[in-house]
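Summary of the model geometry
Chain by chain, the residues:
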Amino acid sequence: MDTLQTPIEYLKGIGPNRANLLKQELNIFTFQDLLHFFPKRYIDRSTFYKIKDLPKNTSEIQIKGKIIDLKMIPQKRGKRLVATFTDEENNMELVWFRGHQWIKESLKLNVVYVIFGRLNWYGNRPNMPHPEMETLENFEKGFSKNLQAIYPSTEKLLSKGISQRVIIKMMGELLRSFKNSFVETLPDDLRSKYRLIDKNTALKNIHFPENQDILTAAQNRLKYEELFFIQLQLLMKNLQRKQKIKGFVFEKVGHHFNNFFKNHLPFELTGAQKRVVREIRKDIGNGQQMNRLLQGDVGSGKTIVSLMLMLIAADNGFQSCLMAPTEILAKQHFIAINSFIGDLDITIGMLTGSSKKTERTKLATQLESGELDILIGTHAVIEEKVQFKNLGLAVVDEQHRFGVAQRAKLWRKNSTPPHVLVMTATPIPRTLAMSVYGDLDISVIDELPPGRKKVKTIHRFDSNRLKVFKFIADEIQKGRQIYMVYPLIKESEKMDYKDLMDGYKSIVRAFPPPKYQVSIVHGQMPSKDKDYEMERYVKKQTQIMVATTVIEVGVNVPNASVMVIESAERFGLSQLHQLRGRVGRGNDQSYCILMSSHKLSTEAKTRLETMTATTDGFKIAEVDLKLRGPGDLMGTQQSGVLQLKIADIIKDNQWLKAARSDATALLLEDPQLEAQKNTPLRQTLAKMKVYQNIWNYIS
Ligand code: ADP
Ligand code: MG
């Protein structure tokens, strides 16, 4: 008896060649994979149109009729094959622009065909280019005369003859060989709670739906099932993690923290900052190891929150580290934190890729003796060589620049893992956070410090450049500084590089020295040059910073009030939002000017419109999620959680919530799934692939 784990080549009609293609192109390795390879949509094969009633839209339609004439018609380039098709009352044309010979030979005149495809209309005359065709005889022998599944496919599969028809055949074969023997995986009470249909009916109808109602029922059942088991797995893992891994207890809030709070805090904390500090203090005092994501829009004041935690760590005799994704940022943190703590008795060091040997040696001694309280730096901080005496807290800034492997290194520094606080300005919609991170704790700073003015955002076409330059000159006149950002999506792209350099030259021409000074920073520069240029800008020695997205994260120059983004249509929403966050950090009104050409795709238009309409990072993230799907958002590449087979995190959000709450309730009652009635659940989980959660590496 075949099991679902049987390799796909053993299915009748597949064999090694096709199996290889299925593996390569669709990740289908086993019967199970094929069974869970779900259609992307369905088409209605039950309705036949009469030619005189054809709808004037471009949906796919189906007609029954005969070909009564076939001819080649020369056209500008090459020729086209045209068939006259009749439903016995009216005629229309079928057209082929390619593959003439083969089609001409295979078509038979005066035989009844079922044709299927989209229409082109020329005035009142429809024609159908490249129709799908089969003889009525074959059509009637076919699998599905009602709704027909359409599966995702690739060029390669099609060119190697694995057409929709072939996939449908394989599915039919698979379902026949199992004869309704798929094991039910959902408990009865959950099924009846949502009136979910049984597994066998669902699987059969998802591939070969008998009608729309049962198809919907099948989809609901399979979506719920998918989401439920993922949630169950995530929640169980997190329970286990919390039980297994002990954390350091930071029980007291002592001198360093109190002194800082009373005497050095340069401003009143916002309500959100206070709340977050409280949330985190609870977390690091309870004996569990903290894994917390701190989300807060750019400029919301995450740095000071992390500093306060590092002071608590110091109060409890622990060291901390703060890691930033770039050298510039590490330096900024170092400067900011030094100025925050003033004459407090705290020792801070900085370690980056360009730290000198002597500095490194000194740092190493200080770290190992425990003299150093806080180490700020780049990836260099987590190199194997760096040894702490007792690392108690690791803060990671802008986490999307850090890979799993890098974070994993943190854990090897101690036998007890440090508390981890990951700070990000990339807002993750709640829905997504829940499914990616399972039970990871999340804190949100959802309030900006008082007095911040919203950045005014406008969209201008390239043809208005002169006006934009005039505006820039006026702002510089007022003493402000300007960013001009060019896309450099892949830092190696020659074209982009040329655009950047041309842009730089034209800006220097429009803003000539000695009155104006222009800095430039891009990814191909050696890091010391970058730092030098950045520093000139920070010190107000230059008024304009021409840059690529290297300045995207974290850079803090409060006097900069204008962000001009060139070819803004080429940036993603989250990038645009990050870039805009570089201005609006001081007390002056700031501006973000999105430059684009007139040629805009619908998606690009939506992005630009979203940016001009709102500054709310969460709203922007929701739009981004809708446009791009979850795959590109931070942390999700590694997560795998989002590679769902049938459910859609956004559209099926209601099911996600239900699944999560059901899984939570179940685990509250039976955390290990030991009860007899939960055995099937345990077995299903055991067979399931492990959905990678970014925190999994620790368990
Ligand atoms: P981000 O969350 O983007 O990392 P920062 O921590 O860099 O933001 O803070 C942005 C700026 O706001 C800094 O200059 C910081 O000193 C200042 N800031 C932070 N919190 C407050 C507050 N409560 N009131 C006034 N200014 C604040
Ligand atoms: Mg920051």
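Residues numbered from 1 in each chain as written. Chains lettered and ligands numbered in written order. Predicted model: local features only at pLDDT ≥ 70, side-chain atom pairs only at ≥ 80, totals over all residues. Heavy atoms only, no water.

Overall, the coordinates contain 32 salt bridges when judged by the stated rule. Among the ionic pairs, E225 bridges to K199, the shortest N-O distance being 2.6 Å. You can see E225 sitting in helix α9 (residues 212–244) and its partner K199 sitting in helix α8 (residues 199–207), a full 26 residues away along the chain. With respect to burial, E225 and K199 carry one shared label: buried. Between K677 and E669 there is a salt bridge; the shortest N-O distance is 3.6 Å. Both residues of the pair, K677 and E669, count as exposed. The structure contains a network of salt bridges with shared partners spanning E184, R191, K199, R221 and E225. (Salt bridge = Lys/Arg side-chain N within 4 Å of Asp/Glu carboxyl O. Helix = DSSP H or I, 4+ residues; strand = E, 2+ residues; numbered from the N terminus. Buried < 20%, exposed > 50% of the residue type's maximum accessible area, 1.4 Å probe, protein only.)

One pass over the full model with this rule turns up 17 aromatic pairs. Ring geometry for F267 against F340: centres 6.2 Å apart, planes inclined by 90°, an arrangement best described as edge-to-face. With a gap of 73 residues between them, F267 in the loop between α10 (255–264) and α11 (271–284) and F340 in helix α13 (residues 327–341) connect regions that are remote in the sequence. An aromatic cluster is built from Y194, Y224, F228, F229 and W655, whose rings are joined through pairwise contacts. Sitting above the plane of the F116 ring, R45 keeps its charged end 4.5 Å from the centroid. Looking at K64, its charged tip hangs above the ring of F48, at a distance of 4.4 Å from the centre. (Phe/Tyr/Trp six-rings, centres within 6.5 Å; stacked < 30°, edge-to-face > 60°. Lys NZ or Arg CZ within 6 Å of the ring centre and 35° of its normal.)

Looking now at the side chain of D670. Along the chain, the position of D670 falls in the loop between α24 (653–669) and α25 (679–687). Despite its burial, D670 pairs with no opposite charge, the nearest such side chain being K677 at 6.5 Å. Here the side chain of D670 touches A675 through a polar contact of 2.9 Å, landing on its backbone nitrogen. A distance of 2.8 Å separates the side chain of D670 from the side chain of N678, its partner in a polar contact. Ignoring any residue separated from it by four or fewer positions in sequence, one finds D670 in contact with A675 and N678. (Lys, Arg positive; Asp, Glu negative; His and termini not counted. Polar contact = N/O pair within 3.5 Å; in protein donor to acceptor, adjacent residues only side chain to side chain. Contact = heavy atoms within 4.5 Å.)

So, about helix α6 (residues 164–178). Across its 15 residues, α6 extends 21 Å between first and last C-alpha, which sits within 8% of the 21 Å expected from 1.5 Å per residue. Here α6 lies mainly inside the structure; 11 of its 15 residues are buried. The set of residues buried in α6 consists of Q164, V166, I167, I168, M170, M171, G172, E173, L174, L175 and F178. In this structure, the buried residues of α6 make contact with α1 (15–26), α2 (31–35), β9 (147–150) and α8. Just past α6, the residue K179 takes up positive phi, approximately 35°. (Expected span 1.5 Å × (residues − 1).)

Here the focus is α11. Compared with the 20 Å implied by 1.5 Å per residue over 14 residues, the 20 Å span of α11 between its first and last C-alpha is a close match. The complete set of buried residues in α11 reads A272, Q273, V276, V277, I280, D283 and I284. Along the axis of α11, the buried residues cluster in a sector spanning 135°; they form a single face. The exposed residues of α11 that point more than 90 degrees off its buried face are R278 and K282. Where α11 is buried, its residues contact β10 (291–296), α12 (302–315), β15 (419–424) and β16 (441–445). (Arc of directions from axis to C-beta.)

Residue placement: S597 occurs in the loop between β22 (591–596) and α21 (602–613). By relative accessible area, S597 is classed as partly exposed at 25%. Taking C-alpha positions, S597 is 5.5 Å from F461, a pair spaced 136 residues apart along the chain. Setting aside residues no more than four positions away along its own chain, S597 makes contact with F461, D462 and E569.

A word on the sheet that holds strand β18 (residues 481–485). The six strands are arranged β17-β22-β21-β18-β20-β19 in an open sheet whose pairing can be described as parallel. This sheet does not close on itself; its edge strands, each paired only once, are β17 (456–461) and β19 (518–521). Taking each pair of neighbouring strands and ignoring which way they run, the sheet shows an average axis angle of 20°. With four bridges joining them, β18 and strand β20 (residues 544–547) adopt parallel strand pairing. In the strand pairing of β20, M484 is matched with V546. Most of the contacts of helix α18 (residues 494–510) go to β19, to which it runs at about 170°, and overall it touches β18, β19 and β20. Packed onto the sheet, α21 meets β17 and β22 and runs at close to 145° relative to β17. (Pairing = 2+ DSSP bridges. Axes fitted to C-alpha atoms, helices over the stretch in contact; angles between N-to-C directions.)

With that out of the way, let us pick up the side chain of S320. By the element assignment, S320 lies in strand β11 (residues 319–323). Residues contacting S320, with those up to four places away along its chain left out, are M310, A313, D373, I374, L375, F388, L391 and L393.

The next thing to look at is the confidence of the model for the protein chain. In this model, the protein chain carries an average pLDDT of 86, and 90% of its residues clear a pLDDT of 70 or more. When mean pLDDT is taken per element in the protein chain, β22 scores highest with 97 and helix α23 (residues 636–639) scores lowest with 40. Counted against residues more than four places away or in other chains, residues 632–641, with its pLDDT under 50, gives 35 contacts. Under a pLDDT of 50 for its full length, residues 692–699 has, in the predicted model, 33 contacts with residues more than four places off or in other chains. (pLDDT = per-residue confidence, 0-100.)

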